[in-house]
Amino acid sequence: TTVVCSMMILVRNFIYSSEHLRVCPKGNTCCTQEMEDKFGQQSKQDFENLVDEMSHELRSTFVSRHQRFDEFFLELLENTERSLNEMFVRTYGKPYMQNSEVFENLFAELKRYYTGGNVNLEEMLNDFWSRLLERMFTLLNSQYVITEDYLECISKYTDQLKPFGDVPRKLKAQVTRAFIAARTFVQGLSVGREVAQRVSKVSSTPACMRALTKMLYCPFCQGMPAVKPCKNYCLNVMKGCLANQADLDPEWNQYIDAMLLVAQRLEGPFNIESVMEPIDVKISEAIMNMQDNSAQVSYRVFQGCGQPKPAGMTRSARGVSDVFNARFRPYSPEERPTTAAGTSLDRLVVDIKEKLKLSKKFWSNLPEAMCVEDRVTAGNASDEECWNGHTKGRYFPEVQKDGLTNQVNNPEVGVDITRPDTFIRQQIMALRVMTNKLKNAYNGNDIYFQDSSDEGSGSGSGSGCTEVCPTDMDGAATEAPVVKADRSGPVGYSAPLHAPSVALPTMLALSALAFHRQWR
């Protein structure tokens, strides 16, 4: 069509009056109204394809990085659980295997939290240590009948006794902050992916279609198919057509900044990898604390809850060495689980940070990116050799600023600045909500959220710190618990007090200590 039209203009044959045209300039033309309508549809398709092409890298970045981070985290959880299971089978043998569901439930709940489940991390971790205390107390006092009522009484003294030393407090702070940061970060990548995908699917207004047709195809009707639009002319058209998208930019930039802040936490005090990989050793340390202090713990529980009834000769005759099998054998380096997803969290986060930084100001820079030389415009080669919307020559109007309100005087695209695009406003709100959540995660706090399955997260989780949160990685001396006698225990447990014979064998204690020091 273009070639034929150009030839007709040159030989002055089949030249039509432009009175029938609704978009292209008045004067001689070789385009019919039908051709102009087709050009209008083509310009709409060209514009949508160009936006899709220009945003492809941005969308691909969020899709791929979300997938990589998600795979990394889930594999890290899986490797950590497998490592703990293997180590505890070797270390504690049958007693662990008979009570392994306590640990399985721990990892199941951690995974459920990460994937968007309604889990309060602090409550879940407190419940884990309570269940572990019940199981261990029962095992260490196998010569007694330990009922559910008695276990309930024991739970009253958990905070005072600190049977596991300071491990539960430290681990709760570390796990809570790290999981909040990791889950919020992957949610942030998901929101960025969804916003980029949705906003990239532009819908052209009639005014935008007319401006695009005039810029891209009217030169053909004038017999100037090789003449490309002037750059500033193209910028005004694109700024008018993408006015609502540009309004996304301020909230988008704040969202990117918040993502970068949480990324810093993931590299430092909230590093989920440094928390999860040694979790088996930390829990083992807690169990050894309980074993080492079992006589003292049992004695003080008996003071508060009364001494339970004897179980009988068959059961009470079993020694502690039968309950715990002292097969402490650390992993050799080659036996440790492989790094999750074949990389480390630090390398993954550094890569994501670099990509996030490049995406700042994407929506306000989009018109400039679309109006590059050789893609759409004539560039800056010659101000006189480009299409200005009427003929070949200089384009004089001033380039408009970004955003909807700045298009009130756009000379190329008629924009109703009183009617913001509802769909874009929804994406702005989604970014605003996510930014707020990221800022809370930066401080170690979690807030209520709903994912696509309409399942909210537990509210109130987090350390509550408002500045840089300490990592609590260093050990601290544990004070001996002080418990006063409490006679409010269950009726029937008022038998005379006897010190329970639950001290661990010397060899077990030494082996445990050696194992613990090696893992430090």
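About the criteria used
Residues numbered from 1 in each chain as written. Predicted model: local features only at pLDDT ≥ 70, side-chain atom pairs only at ≥ 80, totals over all residues. Heavy atoms only, no water. Helix = DSSP H or I, 4+ residues; strand = E, 2+ residues; numbered from the N terminus. Buried < 20%, exposed > 50% of the residue type's maximum accessible area, 1.4 Å probe, protein only. Areas by Shrake-Rupley, 256 points an atom, 1.4 Å probe, with all protein chains shown as cover. Contact = heavy atoms within 4.5 Å. Disulfide = S-S within 2.5 Å. Phe/Tyr/Trp six-rings, centres within 6.5 Å; stacked < 30°, edge-to-face > 60°. Lys NZ or Arg CZ within 6 Å of the ring centre and 35° of its normal. pLDDT = per-residue confidence, 0-100. Core = buried A, V, L, I, M, F, W, Y, C linked by side-chain atoms within 4.5 Å. Expected span 1.5 Å × (residues − 1). Polar contact = N/O pair within 3.5 Å; in protein donor to acceptor, adjacent residues only side chain to side chain. 1 Å grid on protein atoms, 1.4 Å probe; cavity = no way out; pocket = protein on both sides within 12 Å on 5 of 7 lines; lining within 4 Å. Points joined across faces, edges and corners; volume = space filled by probe spheres on them. Nonpolar A, V, L, I, M, F, W, Y, C, P; charged D, E, K, R; others polar.

The next subject is the overall build of the protein chain. On a plain count of helices and strands, the protein chain comes out with 23 helices and two strands. Counting the 520 residues in the protein chain, one finds 50% classified as buried. As displayed, the protein chain offers around 24,800 Å² of accessible surface, 50% of which is attributable to carbon and sulfur atoms.

Of the positions making up helix α21 (residues 362-370), those classed as buried are Phe-362, Trp-363, Ser-364, Leu-366, Pro-367 and Met-370. On its buried face, α21 sits against α2 (33-54), α3 (56-92), α9 (167-199), α12 (231-241), α13 (243-247) and α14 (249-267).

Before going further, it helps to examine the state of the cysteines. All told, the structure shown has six disulfides when counted by the stated rule. Residue Cys-234 pairs covalently with Cys-371 via a disulfide, S to S 2.0 Å. Measuring handedness by torsion sign, the sulfur bridge of Cys-234 and Cys-371 sits at about -85° and is left-handed. Within this pair, whereas Cys-234 is found in helix α12, its partner Cys-371 is found in the loop between α21 and α22 (422-442), the two being separated by 137 residues in sequence. For the pair Cys-234 and Cys-371, a shared accessibility class is recorded, and that class is buried.

For Lys-162, which is not a glycine, the phi torsion comes out positive at approximately 45°. Along the chain, Lys-162 turns up in the loop between α8 (158-161) and α9. Of note, Lys-361 is a non-glycine position whose phi angle comes to about 60°, a positive value. With respect to the element layout, Lys-361 can be found in the loop between α20 (345-358) and α21.

Enumeration according to the criterion identifies 21 aromatic pairs in this entry. Taking the centre distance of 3.9 Å and the plane angle of 15° together, the rings of Phe-73 and Tyr-114 count as stacked. Of this pair, Phe-73 sits in helix α3 while Tyr-114 sits in helix α5 (residues 101-114), and the two are 41 residues apart along the sequence. On the basis of relative accessibility, which here comes to 3%, the residue Tyr-114 falls in the buried class. Taking 5.4 Å as the distance between ring centres and 55° as the angle between the ring planes, the aromatic pair formed by Trp-252 and Tyr-255 counts as tilted. Linking Trp-252 with Tyr-255, this pair stays in helix α14, spanning three residues, or about one helical turn. The pair Trp-252 / Tyr-255 is uniform in exposure class, with both members buried. The structure contains a cluster of three or more aromatic residues connected by ring pairs, namely Phe-88, Tyr-92, Tyr-96, Phe-103, Phe-128, Trp-129 and Phe-164. One cation-aromatic arrangement involves Arg-183 over Tyr-113; the distance from NZ or CZ to the ring centre is 3.7 Å.

Moving on, we come to the confidence of the model for the protein chain. Averaged over every residue, the pLDDT of the protein chain is 80; residues scoring 70 or more account for 75%. Predicted confidence is poor over residues 449-520, with pLDDT under 50, and the contacts of this stretch with residues over four places away or in other chains come to 166 contacts.

Phe-47, Phe-69, Phe-103, Leu-110, Phe-179, Trp-252 and Ile-283 are the most contacted members of the largest nonpolar core, which totals 128 residues. Of the residues forming this core, the biggest block, 14 residues, is contributed by α9. Once you skip the residues sitting within four places of it in the chain, Phe-47 turns out to touch Val-202, Ser-204, Cys-208, Leu-212, Met-238, Cys-241, Leu-242 and Met-370.

Below, the discussion takes up helix α6 (residues 121-140). With 20 residues, α6 extends 28 Å between its outermost C-alpha atoms, agreeing within 8% with the 28 Å of an ideal straight helix rising 1.5 Å per residue. Along α6, the positions that sit buried rather than exposed are Leu-121, Met-124, Leu-125, Phe-128, Trp-129, Leu-132, Leu-133, Glu-134, Met-136, Phe-137 and Leu-140. Of the residues that open α6, the one with a side-chain oxygen 3.2 Å from the backbone nitrogen of Glu-122 is Asn-120.

All right, on to empty space enclosed by the protein then. Overall, the coordinates contain two cavities of 30 Å³ or more when judged by the stated rule. If you add up the space inside the second largest cavity, you get close to 30 Å³. Taken together, Thr-61, Phe-62, Arg-65, Leu-189, Ile-352, Lys-355 and Leu-356 make up the lining of the second largest cavity. Of all elements in the fold, only α3 and α20 reach the threshold of two or more residues within the lining of the second largest cavity. Across the lining of the second largest cavity, the residue classes break down as four nonpolar, one polar and two charged.

Turning to the environment of Phe-73, a few remarks are in order. With a relative accessible area of 1%, Phe-73 lands in the buried category. Sequence separation between Phe-73 and Ile-272 is 199 residues, and the spatial gap between their C-alpha atoms is 8.5 Å.

Once that is clear, we can look at the side chain of Glu-36. If you trace the backbone, Glu-36 turns up in helix α2. For Glu-36, the side chain forms a polar contact with the main-chain nitrogen of Val-23, separated by 3.0 Å. Leaving out residues up to four positions away in the same chain, Glu-36 has contacts with Leu-21, Arg-22, Val-23, Cys-24 and Thr-213.

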